[in-house]
Amino acid sequence: MKRTTLISSFFVSIGLCFTLLTVAQTPLYKDKNAPVEKRISDLLKRMTLEEKILQLNQYTFGINNNPNNIGPEVKKLPNGIGSLIYFSADPVLRNQIQKKAMEESRLCIPILFGFDIIHGLRTVYPISIAQACSWNPDLVTQLCAVAAKESVLSGVDWTFSPMIDVARDPRWGRVSEGYGEDPYTNAVFGVASVKGYQGKNLSDSYSIAACLKHYVGYGMSEGGRDYRYSDVSAQSLWETYLPPYEACVKAGAATLMSGFNDISGVPATANYYTLTEILKKRWKHDGFVVSDWNAVKQLVWQGVAKDEKESGLKAFMAGVEMDMKDDIYRVHFPALVAEKKIPMKNIDDAVARVLRVKFRLGLFDEPYTKVVEEKERYLKPEDVALAQKLTEETMVLLKNKNNTLPLSANISKIALIGPMAKDQENIVGSWSFNVKTADAETLYDGIQKEFKNATINYALGCDFDGTNEAGFAEALDKANESEVIILCLGEKKTWSGENASRSTIALPAIQEKLMQELKKTGKPIILVLSNGRPLELVRLEPLADAIVEIWQPGIAGGTPLAGILSGRVNPSAKLAITFPLTTGQIPTYYNMRQCARPYGTEGNYQDISTEPLYWFGHGLSYTSFTYGDAKLSATKITKSQKMTVEVTVANSGSVKGKETVLWYISDPACSISRPMKELKYFEKKEINAGEKAVYKFEIDPMRDLSFTNATGKRFVEAGDFYVHVNNQKIKFEIVE
Ligand code: BGC
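Since this is a predicted model, take the numbers as computed values, not measurements.

Participant: How would you explain the nonpolar core if you had to name every residue and give the values?
Facilitator: Of all hydrophobic cores here, the largest spans 162 residues; its most connected members are Ile97, Tyr215, Ile417, Leu487 and Trp551. No other element matches helix H14 (residues 344-361), which puts nine residues into this core. Two domains share this core, each providing at least three of its residues, namely domain 1 (379-585) and domain 2 (625-735). Not counting chain neighbours up to four residues away, the residues in contact with Ile97 comprise Phe61, Val74, Leu77, Leu84, Tyr86, Ile111 and Phe113. Judged by nonpolar contacts, the second largest core, of 38 residues, contains Leu405, Leu443, Ile526 and Tyr622.

Have a look at this one:
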């Protein structure tokens, strides 16, 4: 053998040994090709109790941060903290904090950065209740994917969204954050958002983890007041509140947040039955549950723990793996483990759940955020266009007397009046921390662009509340000079969302008075409403020729509204929540249970109509849709057979339009009293003028006709059922 060959073989062998040695030394949990479960158990074996406990804590970071205190703030963080609520949206700062975890903590476990990205980060799109009115879950998935991308590029790995709390009391501010009064609608839109946030794979570059909240029954808060007691019966827990969670857990949602409420006496944050029995044992969820903000500590105030130590014990043993903000787990768990009140196997299971989400997100392998220029991060034109598209489908045409809308193309003078007309602050809705006010298109700007040849006579008229009528005179002058009045009223963004309950859902008296004064001009009034909940419109509705509910559309509301006013866009939204006639009618929702005296006048209010102003599902179009007779594939099936029902819908008007067909079922005689009807399926299609479309619903008895008992067991009973579509109600039978 030549000498050179000998020498090179020597170095090759040395190199090989060195590589083998390095491989042997690289812990398995750092090997990105190893299976996640193996990585978790390898890492767990190496962790001290203190390191494990730190993984179960979430701190906040970044409020009022400025570049000068980044250093000290980062230093203050305990090395090895599990998660942070990240208020900064700055990828550079995130990377600095992460660097500390990756380089200074013993095992280099990445931090999970969470934040409330509820309806977009900078490309803020309509609030959730509006999204549900679009009946277009695909668009919602696409927008959630945009939110996920903007989040990743801002340093956020995990959003505290979607909120899938069925909500039937519009006094509760958080009706704005969910998908309305119906369990199925919440399930469908919840799943759509989980898909958008998490993408095909959590480890994809632009995927973030979703968090279903607020598990469970929070929407039932008594009197519509936040943080209150909720009397949720076992039956309604299973029938109404759990189904959206079950659907989203099945869709792969990585995490959940426990609620502030209690469930008939047992707080949601200390509820073993919902957190462990149902979620982990029955549904086999293998991610983790984070408490809501201070919810662990609040167990003391809720009267189930004598001190913080006991509250930590109760929350953890019930199944809350991560403590948001309270710092109770970090402080008290070493003693609770030493006292054998918390078994090590529970700690290990909880830590494994947190690590599982981190591994699945790919954080161990790519802990840092890509830093790109701000213009590459946010408000990409195609994303804003997508937000506009969804926004067009969320705006509900509630009333259109004598076809007031669309406005004539020849209109020359429009009065645009009201506190919402030039607003950029409130129109974006709550939970929009990162939005820049200047990004929000005003209704005024959208209308001005659309009606280029018309003069827009703008006047503020009045503020959102207060008693100052000084602006009325100018508003009346502008109205008198114009052919039509577009009156933009509504709620401030702080009137809905968390801790924002109202005792009345009417607009403040000053706004109602402005409308009453404008009515005296005799000009047609188009009422445009921007709000986060159904409103009491009993006094305003008779004064309006047309009403458009635009909710809180986010940054791209002006152009879509203007499109609807001009007819460029044909409205297609339908309400996902009922508008009661008055606040006193609450609760009013379409899927109420059957009752003892449903006919005639008995059981009705003596002073007002018992009918709400607009039912769930109400929404008008500029075209008309004519439904043919619905046809069933069979009138009798067994419990294990399936059948289809279909209906042909004709666009009998003169413009193209989108129609959503809502399919309901009802069961008039069952061993429990069931809702008057229950939504089971919907489908939205665009139909050209003069054309027809066929809508089909496949009825699967176990999925669509069954009910649960108070333990969650599902039954289908033989007997008569009805399928409801539009105004038709068709009978069929299930036989043994
Ligand atoms: C809210 C949650 C939110 C959390 C973190 C709580 O007060 O109830 O919905 O995700 O704060 O900001």
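What follows picks up the thread again.
Participant: With reference to specific residues and values, describe the domain arrangement of the protein chain.
Facilitator: Put simply, an interface is often sized by how much accessible area is lost when its parts join up. Domains assigned within the protein chain are domain 1 (379-585) and domain 2 (625-735). Computed over C-alpha atoms, the centres of domain 1 and domain 2 are 35 Å apart. On the domain 2 side, the residues contacting the four residues of domain 1 number eight residues. Summing both partners gives a buried area of about 490 Å² for domain 1 against domain 2, and 36% of it is carried by carbon and sulfur. For the pair domain 1 and domain 2, the number of links is three salt bridges. For Lys658, the salt bridge goes to Glu393, with nearest N and O atoms at 2.8 Å. If you look at where domain 1 meets domain 2, you find six residue pairs in polar contact (both at pLDDT 80 or more). A breakdown of the residues in the side of domain 1 that touches domain 2 according to their chemical character gives no nonpolar, two polar and two charged.

Participant: Quick one: what's the story with helix H19 (residues 509-519), residue by residue and with numbers?
Facilitator: Here H19 has its buried residues at Ile510, Gln511, Glu512, Leu514, Met515 and Leu518. On the buried face of H19, the contacting elements are strand S12 (413-417), helix H18 (472-480), strand S14 (484-490) and strand S15 (525-530).

Participant: Give me the lowdown on the site of the ligand, citing residues and values where you can.
Facilitator: Contacts to the ligand come from Asp116, Phe160, Arg174, Lys213, His214, Met257, Phe260, Asp292, Trp293, Met324, Trp431 and Glu498. Asp116 places a side-chain nitrogen or oxygen 2.4 Å from an oxygen atom of the ligand. Asp292 places a polar side-chain atom, nitrogen or oxygen, 2.6 Å from an oxygen atom of the ligand. When the ligand sits alone it has 310 Å² of accessible area, and the protein chains cover 95% of it. In terms of residue class, the shell around the ligand is built from six nonpolar, one polar and five charged.

Participant: Give me the lowdown on the pairing of strand S1 (residues 57-61), citing residues and values where you can.
Facilitator: Across a regular strand the side chains alternate sides, sitting on one face of the sheet and then on the other. By the criterion of burial, S1 is predominantly enclosed, with four of the five residues buried. Pairing of S1 with strand S10 (residues 323-324), which is carried by two bridges, proceeds in the parallel orientation. Across the sheet, Asn57 pairs through a bridge with Asp323, a residue of S10.

Participant: Report on the layout of surface pockets, specifying residues and quantitative values.
Facilitator: Computed from the structure, the second largest pocket encloses a volume of approximately 1,300 Å³. Contributions of two or more residues to the lining of the second largest pocket are made by helix H8 (183-198), helix H9 (234-250), strand S22 (678-687), helix H21 (701-705) and strand S24 (707-708). Looking at the lining of the second largest pocket, the element that brings in the most residues is H9, giving nine residues. Across the lining of the second largest pocket, the residue classes break down as 20 nonpolar, ten polar and 16 charged.

Cut-offs used in this document
Residues numbered from 1 in each chain as written. Predicted model: local features only at pLDDT ≥ 70, side-chain atom pairs only at ≥ 80, totals over all residues. Heavy atoms only, no water. Core = buried A, V, L, I, M, F, W, Y, C linked by side-chain atoms within 4.5 Å. Buried < 20%, exposed > 50% of the residue type's maximum accessible area, 1.4 Å probe, protein only. Helix = DSSP H or I, 4+ residues; strand = E, 2+ residues; numbered from the N terminus. Domains from an automatic or database assignment. Contact = heavy atoms within 4.5 Å. Buried area = accessible area lost by both parts, 1.4 Å probe. Salt bridge = Lys/Arg side-chain N within 4 Å of Asp/Glu carboxyl O. Polar contact = N/O pair within 3.5 Å; in protein donor to acceptor, adjacent residues only side chain to side chain. Nonpolar A, V, L, I, M, F, W, Y, C, P; charged D, E, K, R; others polar. Near = heavy atom within 4 Å. Areas by Shrake-Rupley, 256 points an atom, 1.4 Å probe, with all protein chains shown as cover. Pairing = 2+ DSSP bridges. 1 Å grid on protein atoms, 1.4 Å probe; cavity = no way out; pocket = protein on both sides within 12 Å on 5 of 7 lines; lining within 4 Å. Points joined across faces, edges and corners; volume = space filled by probe spheres on them.

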